[in-house]
2 protein chains.
Amino acid sequence: MKHLTDIEIAQEKELIHIKEIAAKLGIEEDTIEMFGKYKAKLPLTLIDEDKIKKNNLILVTAITPTPAGEGKTTVSIGLTEGLNKIGKQATVVLREPSLGPVFGIKGGAAGGGYSQVVPMEDINLHFTGDFNAVEKANNLLSALIDNNLQSNCCNLNLDPRTILWKRVIDMNDRALRSIVIGLGGTANGIPREDGFNITPASEVMAILCMATDFEDLKKRLGDIFIGFTFDKKPIFARDLKAENAMAILLKYAIKPNLVQTLEENPAIIHGGPFANIAQGTNTIIATKMGLSLSNYVITEAGFGADLGAEKFLNIKCVAAGLSPKAVVLVATIRALRHHGGAKKDEFNTPNLAFVKAGFCNLEKHIENIRKFNIEPVVAINTFSNDSYKEINYIIEKCAELGVNAVVSDGWAKGGEGTKELAKAVVEVVESNKSHFKPIYNWKTPVKEKIETIAKEIYGAIEVDFDKKAKLNLARIDRLGFNDFAICMAKTQKSFSDNESLVGRPENFVVTVREIEIAAGAKFIIPILGQMMRMPGLPGVPASENMTIDNNGVISGLS
Amino acid sequence: MKHLTDIEIAQEKELIHIKEIAAKLGIEEDTIEMFGKYKAKLPLTLIDEDKIKKNNLILVTAITPTPAGEGKTTVSIGLTEGLNKIGKQATVVLREPSLGPVFGIKGGAAGGGYSQVVPMEDINLHFTGDFNAVEKANNLLSALIDNNLQSNCCNLNLDPRTILWKRVIDMNDRALRSIVIGLGGTANGIPREDGFNITPASEVMAILCMATDFEDLKKRLGDIFIGFTFDKKPIFARDLKAENAMAILLKYAIKPNLVQTLEENPAIIHGGPFANIAQGTNTIIATKMGLSLSNYVITEAGFGADLGAEKFLNIKCVAAGLSPKAVVLVATIRALRHHGGAKKDEFNTPNLAFVKAGFCNLEKHIENIRKFNIEPVVAINTFSNDSYKEINYIIEKCAELGVNAVVSDGWAKGGEGTKELAKAVVEVVESNKSHFKPIYNWKTPVKEKIETIAKEIYGAIEVDFDKKAKLNLARIDRLGFNDFAICMAKTQKSFSDNESLVGRPENFVVTVREIEIAAGAKFIIPILGQMMRMPGLPGVPASENMTIDNNGVISGLS
């Protein structure tokens, strides 16, 4: 049998009309806004708080990943197919892909193999325009800021050296990280330092993810903190009368998107990725939409559970009043070998010793999930080079911890390959063992909240605050932003802030370099180690190997 | 009667489903790709070269405009309603609005009063994502260029000082005109000068407008000229293997968009505005689509006839083999007063002396249209403060020149207000007097082509080439780009390059400051006077007065 690429599998699938997917959720054709035959926007009027309370939310997260990722999206989609196969009504609720990774190294975010959401190309490229809307709203505010600096008539006396608001672009573009703008004379604005972040790292994306309705969205946009006047008064987006125009740009973006899985089950895709530099889960509105329409909702949070799951639980679930019934921890044998000391060229060769040595990473993630009083299930996302001995070792070690570890083969088999995982998840849900509680209270001081995450979740013995971070803490206090949630920016490659420390590092210190403020999102963003909020392209970008023929058929997109 | 704003009129209209508009053009529901209920994309397979030859193309252009514009879009839409009212099958084919003017001063581009295309808000905001796709394709190339400068493995030896390719953003953002990128150390790229143009000024937009099909689009994207290596070899987008990934981003953007007028007639909207700094007409594909589906196609070109119409005729009609049957020259009494010497506070007061003195502007545009061997009709786009005497003067003066001048009142009355104009247009079409010929041959040398436009159309006595422009000419020659069309960048406020010279300036010299190259679009772009390809926001941006309520109802958008 010829081995098909992800895009070939996706292109082979004959999709059903999106109105049929809507019908499966009890939604009439006239209620949805179609974008072609296979994508649609869902109106917020479908959100139903009573149903949200009754239905079951399952979070899919992962062990500390290798650069290729451990297949959380694939497992989330596969599990949804499996749940539907065993008679449950399940919907997968995912995040939207960013063009940065699509043209960089990692590829898109529509799953893989026989566990994909489709139309895969559309989802990975522009989709229904939400990222563009976020980018334009962000950059409109930037243009209004620079216009105000230049203005004679309504000048706010903003000190350009204090402006924290950056422009964004949905592209891996390192040359835009640090720039000087406003050059070339008096007609071209006031020269100042600026930079671009990648669009998913925009506070507007965070606001879209945290907003509960349109009114809340607009309020939060107005609350964006920009910088100080020369006489040290804080300036917000509302001072520039920016929030209405920004909200106008987000009129459609606030509505979740409906597509289908390869097995014709519903998939809702909405909001931002990048759990290392952003909150990294889909929108509160999308998760609530899923729970309003479906008995089981499978959702994912980015990178390892120390990043995405921690933020999903401490930030999103707290803000939205959500309470997950189970957490699926995705592990690959490959990544466990890596955490056990395997070098890159040894990743794909069976080696029980490496797996044994790497188990500590999975173990720490299991311990962490239980700190939230939620019961985990381990999904072993299997590859053809996994050995029976390695897999059995993981199953047995998990059993010793009282955790069910199940092989998941959605990549090769779709829902047929995840029925056992589905059953294990249902068992945990029906056992009623999970009673979510966050690991910190938003009302505790910022420094303490940062230390709680670093110590409890990462396993650090201490948190070092650089001089700049200390000044930032004092500013946060002065501005009265102590009650905000903590949205860490940390490498996804290690529990620590040092990406070379694999496995379960111990006796380490994490360093907070600086602390950003997202006042509209109500986030405090500590930047750990060398994290940057704008990625770069690799030596050979993925874009070089993509083609499109004259009929619009794409290849090389993954 | 309460005076309604444009957006209120648009919001009052109960739209019909876009499949019904498609049906009026003989297109089946299954053929179109819907974006919600009121917008759709049309597949290129509907283009029919035989029908294109048989059907009638009408260009709407204008006299030299005041900053508010003279209502070309309004007249184009109104005329389409009028033609349908007198029993012709007519479709209006327009350009897509840019967010820059929407949030700046001028407002959107969906017509006005009772001559609008709807849904007005959607058309003015993101629409179906075409501008975003253009922007992303442009900026992907930028990211690939900077990544290559930084790269160890496939470095093209590109000299960063020679890079002509700029980034773009669809925003009025003067602070991005001139910037320095790549700052902050070795991880952040190679420092160099760069700048952002507004998205409609992107060469990618020009390529989208000029492409005849997907194959041609991809070829042109590969042909984009970027700069030189340190040993003076030219580098193109294809050298970065960029054209496929760029084309992938434009997969949907190449398809024209279908919407409706207030009187439920078909409107096709596709491609770029800004005839001062770009080619400023809709796409060749959209015009051909209209002519494949409709007996009369009304299309517009931006600003005065010296800009949009000149480019429409010499560039687009030549490239696409199109031959307009009539040109409608839009004039307002207000603008004629302006050209006759009225100050801003005198624009709206009847004054026959000013109108008499300003007629010379209209007269020169009439002469110019006839140089293309096309018969003009003058549409007097009427306002409530126009006097009978002023209007009659224009009608009589035009009659002396053998030109039919007709009052057009589409703004207040829709198609009922444009029936006379429609009859006048049909008369010209059926008289078969127009036999289009361009005023220059693409094969003549670049300098000569520039001089022909400046002397024949603008009325200049001489063209001055600055030192930089002379060097640019030599470079164009070395690169073998002599056969390209000329796409002037000139102020829209005067026939000359000095915006204060109203009326019909004489004995003036125009200065070519520099000359840009758009090798994929096959354009040479002479920059006249102080033109900039990135606008700025005004002291009080339009965005400040926009609101959106919690139900998504927008006000203040024009």
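In this text, all values refer to a predicted model and were calculated from it rather than measured experimentally.

About the criteria used
- Residues numbered from 1 in each chain as written.
- Chains lettered and ligands numbered in written order.
- Predicted model: local features only at pLDDT ≥ 70, side-chain atom pairs only at ≥ 80, totals over all residues.
- Heavy atoms only, no water.
- Helix = DSSP H or I, 4+ residues; strand = E, 2+ residues; numbered from the N terminus.
- Rg over C-alpha atoms; globule rule 2.2 N^0.38 Å.
- Buried < 20%, exposed > 50% of the residue type's maximum accessible area, 1.4 Å probe, protein only.
- Contact = heavy atoms within 4.5 Å.
- Areas by Shrake-Rupley, 256 points an atom, 1.4 Å probe, with all protein chains shown as cover.
- Pairing = 2+ DSSP bridges.
- Patch = residues over 30% accessible without salt bridge, like charges linked within 9 Å, V, L, I, M, F, W, Y side chains within 5 Å.
- Salt bridge = Lys/Arg side-chain N within 4 Å of Asp/Glu carboxyl O.
- Lys, Arg positive; Asp, Glu negative; His and termini not counted.
- Charge placed at Lys NZ, Arg CZ, Asp CG, Glu CD.
- Least-squares fit on C-alpha atoms with pLDDT ≥ 70 in both.
- Axes fitted to C-alpha atoms, helices over the stretch in contact; angles between N-to-C directions.
- Parallel < 35°, antiparallel > 145°, perpendicular 65-115°, else oblique.
- Nonpolar A, V, L, I, M, F, W, Y, C, P; charged D, E, K, R; others polar.
- Buried area = accessible area lost by both parts, 1.4 Å probe.
- Polar contact = N/O pair within 3.5 Å; in protein donor to acceptor, adjacent residues only side chain to side chain.
- Domains from an automatic or database assignment.
- UniProt positions renumbered as here; feature names shortened; annotations may be inferred.
- Disulfide = S-S within 2.5 Å.
- Phe/Tyr/Trp six-rings, centres within 6.5 Å; stacked < 30°, edge-to-face > 60°.
- Lys NZ or Arg CZ within 6 Å of the ring centre and 35° of its normal.
- Right-handed = clockwise from strand over helix to strand, strands pointing away.
- Expected span 1.5 Å × (residues − 1).
- Bend = angle between axes of the 7 residues up to and from the residue.

Colleague: What is the right way to read the overall build of chain A from this model?
Modeller: Regarding its fold elements, chain A presents 19 helices and 24 strands. Relative to a compact globule of 558 residues, whose C-alpha radius of gyration would be 24 Å, chain A shows 23 Å and is just as compact. Its C-alpha atoms give chain A principal-axis dimensions of about 70 × 55 × 50 Å. Within chain A, the proportion of its 558 residues that are buried is 66%. Across chain A, the fraction of contacts at a sequence separation of at least 24, relative to all contacts at a separation of at least 6, is 75%. Carbon and sulfur atoms make up 50% of the accessible area of chain A, which amounts to about 18800 Å² in all.

Colleague: Looking at this structure, I do not really get the sheet that holds strand β20 (residues 485–486) of chain A. What am I missing?
Modeller: Two pairing modes exist for strands in a sheet, parallel and antiparallel, and in both the strands are linked by backbone hydrogen bonds. Residues and elements named next belong to chain A. Sheet architecture is open: 4 strands sit in the order β19-β21-β22-β20, paired in mixed fashion. At either end of the open sheet lies a strand with only one pairing partner, and these are β19 (462–465) and β20. Note: β19 against strand β21 (residues 509–518), 4 bridges, orientation parallel. Considered in β21, the bridge of glutamate 462 is made with valine 509.

Colleague: When you look at a negative patch on the surface in this model, what are you seeing that I'm missing?
Modeller: On the surface, a cluster of negative charge is contributed by Glu28, Glu29 and Asp30 of chain A together with Glu29 of chain B. Within the secondary structure, glutamate 29 of chain A sits in the loop between α2 (18–24) and β1 (33–34). On the basis of relative accessibility, which here comes to 41%, the residue glutamate 29 of chain A falls in the partly exposed class.

Colleague: How do you make sense of the pattern of salt bridges when you look at a structure like this?
Modeller: Pairing of side chains with opposite charge becomes possible as their charged atoms draw close. One pass over the structure, following the stated rule, counts 73 salt bridges over all chains. Residue glutamate 390 of chain B is joined to arginine 337 of chain B by a salt bridge in which the shortest nitrogen-to-oxygen separation is 2.9 Å. In this pair, glutamate 390 of chain B is assigned in helix α15 (residues 388–400) and arginine 337 of chain B in helix α13 (residues 333–339), connecting sequence segments 53 residues apart. You'll find glutamate 390 of chain B and arginine 337 of chain B in the same group, each marked buried. When salt bridges with common partners are traced through the structure, they connect Asp146, Arg167, Arg192 and Asp194 of chain A together with Asp173 of chain B into a single cluster.

Colleague: Please clarify how the environment of alanine 405 of chain B should be interpreted in this entry.
Modeller: All names here are of chain B. Position of alanine 405 relative to the elements: it lies in strand β18 (residues 405–408). Taking relative accessible area as the criterion, alanine 405 reaches 7% and is therefore assigned buried. Considering only alpha carbons, one finds alanine 405 and isoleucine 395, 10 residues apart in sequence, at a separation of 5.1 Å. With near-sequence residues (within four places) excluded, alanine 405 lies in contact with Val378, Ile380, Ile394, Ile395 and Cys398.

Colleague: Sorry if this is basic, but what is going on with the relation of the copies chain B and chain A here?
Modeller: To go from the first copy of the chain to the second, apply a rotation about an axis and then a shift along the same axis. The transform that puts chain B on chain A rotates by 180 degrees and translates by 0.0 Å along the axis, for an RMSD of 0.0 Å. The relationship between the two copies is best expressed as a two-fold rotation axis. Considering only C-alpha atoms, the part of chain B nearest the rotation axis is phenylalanine 35 of chain B, at 2.1 Å. Taken as a fraction of all interface residues of chain B, those also at the interface in chain A reach 100%, which identifies the copy contact as same-surface.

Colleague: Teacher, can you tell me more about the packing of helix α14 (residues 352–371) of chain B against helix α18 (residues 446–458) of chain B here?
Modeller: Any two packed helices are characterised by how steeply their axes cross, that is the angle between the axes, and by the distance between the axes. Residue and element names in this part refer to chain B. Direction vectors running N to C along α14 and α18 enclose 130 degrees, while the axes themselves pass 9 Å from each other. It follows from the interaxial angle that α14 and α18 lie oblique. Contacts from Lys364, Asn368 and Lys371 in α14 reach Glu456, Ile457 and Tyr458 in α18. Partitioning the contact of α14 with α18 into residue classes produces 2 nonpolar, 1 polar and 3 charged.

Colleague: Is there a simple way to think about the sheet that holds strand β21 (residues 509–518) of chain B in this case?
Modeller: Residue and element names in this part refer to chain B. In space, the 4 strands of this open sheet follow the order β19-β21-β22-β20, with mixed pairing throughout. Edge positions in the sheet fall to β19 (462–465) and β20 (485–486), since each of these pairs with one other strand and no more. Relative to strand β22 (residues 523–528), β21 is paired through 6 bridges, and the arrangement is antiparallel. Counterpart to glutamate 516 in the pairing with β22 is isoleucine 525.

Colleague: Looking at this structure, I do not really get the interface of chain B and chain A. What am I missing?
Modeller: It is common to report an interface's size as the accessible area lost on association of the parts. Contacts between the two partners involve 76 residues from chain B and, on the opposite side, 76 residues from chain A. Counting the surface lost from both chain B and chain A, the interface buries some 6400 Å², and carbon and sulfur atoms represent 61% of this. Taken as a group, His126, Ile248 and Ile548 of chain B account for 10% of the area that chain B buries against chain A, more than any other trio of residues on that side. Inspection of the region where chain B meets chain A yields 7 salt bridges. For glutamate 544 of chain A, the salt bridge goes to lysine 241 of chain B, with nearest N and O atoms at 3.6 Å. Here chain B is connected to chain A by 31 residue pairs in polar contact (both at pLDDT 80 or more).

Colleague: Looking at this structure, I do not really get the domain arrangement of chain A. What am I missing?
Modeller: Residues and elements named next belong to chain A. Domain boundaries in chain A define domain 1 (6–129 + 253–431), domain 2 (132–249) and domain 3 (446–528). Each of domain 1 and domain 3 has a C-alpha centre, and these two points are 26 Å apart. Domain 1 puts 24 residues into the contact, and the matching count from domain 3 is 20 residues. At the surface where domain 1 touches domain 3, the tally comes to 3 salt bridges. Inspection of the region where domain 1 meets domain 3 yields 11 residue pairs in polar contact (both at pLDDT 80 or more). At the level of secondary structure, the elements contributing two or more residues to the side of domain 1 that touches domain 3 comprise α12 (305–320), α13 (333–339) and α14 (352–371). No other element matches α14, which puts 8 residues into the side of domain 1 that touches domain 3.

Colleague: Which parts of the structure should I look at to understand the UniProt feature "binding site: ATP" (unreviewed entry) in chain A?
Modeller: Residue and element names in this part refer to chain A. Residues annotated by UniProt as "binding site: ATP" (unreviewed entry) correspond here to Thr66, Pro67, Ala68, Gly69, Glu70, Gly71, Lys72 and Thr73. One can find proline 67 in the loop between β3 (56–62) and α4 (72–85). Proline 67 sits in the exposed class, given a relative accessible area of 60%.

Colleague: Got a minute to help me understand the state of the cysteines in this structure?
Modeller: Disulfide: a covalent bond formed between the sulfur atoms of two cysteine residues. Taken as a whole and assessed by the stated rule, the structure comprises 0 disulfides over all chains. No disulfide involves cysteine 360 of chain A; its sulfur sits 13 Å from the nearest other cysteine sulfur, which is in cysteine 398 of chain A. We classify cysteine 360 of chain A as partly exposed; its relative accessible area is 22%. Of all cysteine sulfurs in the structure, the one in cysteine 487 of chain B sits closest to cysteine 209 of chain B, which takes part in no disulfide; the separation is 9.9 Å.

Colleague: Is there a simple way to explain the packing of aromatic side chains in this structure?
Modeller: Remark: the centre distance and the inter-plane angle together describe each pair of aromatic rings, the angle taken between the planes. Applying the stated criterion to the full structure yields 14 aromatic pairs over all chains. With a centroid separation of 5.3 Å and an interplanar angle of 75 degrees, the aromatic rings of phenylalanine 225 of chain A and phenylalanine 228 of chain A are classed as edge-to-face. Residue classification places phenylalanine 225 of chain A among the buried residues on the basis of a relative accessible area of 1%. Between phenylalanine 359 of chain B and tyrosine 393 of chain B, the ring centres sit 6.2 Å apart and the planes meet at 85 degrees, which makes this aromatic pair edge-to-face. Of this pair, phenylalanine 359 of chain B sits in helix α14 while tyrosine 393 of chain B sits in helix α15, placing them 34 residues apart in sequence. In this pair, the class of phenylalanine 359 of chain B matches that of tyrosine 393 of chain B, namely buried. Cluster of aromatic residues (ring-pair linked, three or more members): Phe225, Phe228, Phe236, Phe481 and Phe484 of chain A. Cation over ring: arginine 238 of chain A sits above phenylalanine 236 of chain A, and NZ or CZ is 4.4 Å from the ring centre. When the ring centre of tyrosine 252 of chain A is taken as origin, the NZ or CZ atom of lysine 39 of chain B, which lies over that ring, is 5.0 Å away.

Colleague: Please clarify how the environment of serine 384 of chain B should be interpreted in this entry.
Modeller: Residue and element names in this part refer to chain B. Turning to its location among the elements, serine 384 is positioned in the loop between β17 (376–381) and α15. Judged by its relative accessible area of 81%, serine 384 falls in the exposed class. Here the alpha-carbon distance between serine 384 and alanine 143, two residues 241 residues apart in the chain, equals 52 Å.

Colleague: What's the story with the side chain of asparagine 188 of chain A in this structure? I'm lost.
Modeller: All names here are of chain A. Structurally, the position occupied by asparagine 188 is in the loop between β8 (179–181) and β9 (192–194). According to the relative accessible area criterion, asparagine 188 is buried, its value standing at 7%. Here the side chain of asparagine 188 touches leucine 183 through a polar contact of 3.1 Å, landing on its backbone oxygen.

Colleague: Help me understand the pairing of β18 of chain B, please; the structure alone is not making it clear to me.
Modeller: Within a regular strand, the side chains alternate between the two sheet faces. Residue and element names in this part refer to chain B. Taken together, the 4 bridges between β17 and β18 define a ladder with parallel strand orientation. Counted as the bridge partner of valine 378 is alanine 405 from β18. Crossover connection from β17 via α15 to parallel β18: handedness right-handed.

Colleague: Help me understand helix α12 (residues 305–320) of chain B in this model?
Modeller: Because an α-helix packs 3.6 residues into every turn, residues spaced three or four apart end up facing the same way. Residues and elements named next belong to chain B. Counted at 1.5 Å a residue, the expected span for α12 with its 16 residues is 22 Å, but the 19 Å between its end C-alpha atoms falls short. The largest bend in α12 comes to about 30 degrees, at phenylalanine 312. Counting buried positions along α12 yields 14 of 16 residues, so the element is predominantly enclosed. After α12 finishes, the residue glycine 321 shows a positive phi value of roughly 70 degrees.

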